[in-house]
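Coordinate inspection notes
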Amino acid sequence: MIGVIYGGDSFEHEVSIESANDIIKALGALRIYLTKEGSWQVDGELVDNIIPVLKACDIVFPIIHGGFGEDGTLQGFLEMNRIPYVGSGVLASAICMDKDFTKRILQSHGIATTPFKTFYSLKEALSAEISAPCIIKAASLGSSIGVYKVLKDPAPAFEKAFALCDKVLVEELIEGRELWCSVLQDGGSLIASQPCEIIPKDAFFTYENKYEQEDGAIYHVPAKNVDSKWVQSISKKVFLLLGCKSMARVDLFMRSNGEILVNEVNTLPGFRKKSLFPKSLLHDGMSYEELLSRLLKKTALLLPK
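Treat the numbers as computed from the prediction; the structure is a model and nothing was measured. (Residues numbered from 1 in each chain as written. Predicted model: local features only at pLDDT ≥ 70, side-chain atom pairs only at ≥ 80, totals over all residues. Heavy atoms only, no water.)

**Looking at the sheet that holds strand β9 (residues 168-172)**
Which entries qualify depends on this criterion: Strand pairing follows a simple DSSP-based rule, namely that at least 2 bridges must link the two strands. Each helix is a run of H or I in the DSSP string that is no shorter than four residues. Each strand is a run of E no shorter than two, and both are numbered from the N terminus. For helices, the fitted line uses only the C-alpha atoms of the stretch in contact; every axis is such a line through C-alpha atoms, and the angle between N-to-C directions lies from 0 to 180 degrees.
With respect to topology, 4 strands assemble into an open sheet ordered β6-β9-β7-β8, the strand pairing being antiparallel. Edge positions in the open sheet fall to β6 (116-119) and β8 (147-150), since each of these has one partner strand only. Shown here is a sheet whose adjacent strand axes are inclined to one another by a mean of 20 degrees, direction ignored. Note that strand β7 (residues 134-138) and β9 share 5 bridges and pair antiparallel. Note that in β9 the partner of K137 across the bridge is L169.

Set out below in structure tokens:
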């Protein structure tokens, strides 16, 4: 039996529900829902103790995006209870959720990332000299939540970002192309999709572009005029360096001179049929159902005996 864990109390609660609905429909899986208040429901019924339900599953697919789901906390809970699950482990999940740590680790291994500076308090940030235009973002959120494009005064963006997170990044506003590459662990080897491109409607890929607007962006699957082998190689290296397992979506920028910069790594990417991670792999010849089946089977091979 396969269980799909979704919901949670992060800002990405509704996104998690959408991902879970498509997965459950495709797999006929057990619906394990965590409410925003912290209660567990199994196929719509409230349960007091979720552990026996989870232990009855052969494997669970956690698809809680954001905090307390994608950041290593849920993964730790599952590991403590010896419950097999899809996705990266505690350490890789925690690292990739924190954009500051992700960039520092990649840079230490010679991988170019979006230039950035980290601030640890609103007071420190407001007293710094910030050159606009730039991007200000909360360090540990996803789905473009807490990300602000700053053209003049950075103070309002800093205030909003620090209200969501206790660590905030200022990044260079990259004038270039926005790419992604999906990485799937296939037993002992890695499969990287063809690099794909996002062209946002508003020249900035917002939460609304992703989830609330049917025409929020144009997607080139695959991207045109990109060195595919180079991007795939970088994406696989990033996956391995950060200790990821099962799957990840690597988000990148390409400057006008062709330089590739790693922006972020998502260990539990959106999993609607039309989400970026499935979209790129389905173009490479898999059906949505096959992708899920392959992911579950190959993950099972990686589990400790």
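Next comes the rest of the description.
**With respect to the pairing of strand β12 (residues 196-200)**
Heads up, the condition is: Any residue under 20% of the maximum accessible area for its type is buried, any over 50% is exposed, and the rest in between are partly exposed; the area is computed with a 1.4 Å probe on protein chains only.
In terms of residue burial, β12 counts as a mostly covered element, since 4 of its 5 residues are buried. Examined bridge by bridge, β12 and strand β13 (residues 217-220) share 4 bridges and lie antiparallel to one another. Bridge pairing in β13 places E197 opposite H220.

**Side note on unusual backbone geometry**
Between A132 and P133 the backbone carries a cis peptide bond, its omega angle lying at 5 degrees. Mapped onto the elements, P133 comes out in the loop between α6 (122-127) and β7. With an omega of 0 degrees, the peptide bond running from V221 to P222 counts as cis. Positionally, P222 belongs in the loop between β13 and α9 (228-241). For F68, which is not glycine, the phi torsion reads 60 degrees and is therefore positive. Looking at the element boundaries, F68 is found in the loop between β5 (59-62) and α3 (73-80). According to the relative accessible area criterion, F68 is exposed, its value standing at 56%.

Taken by themselves, the reported measurements are silent on function.
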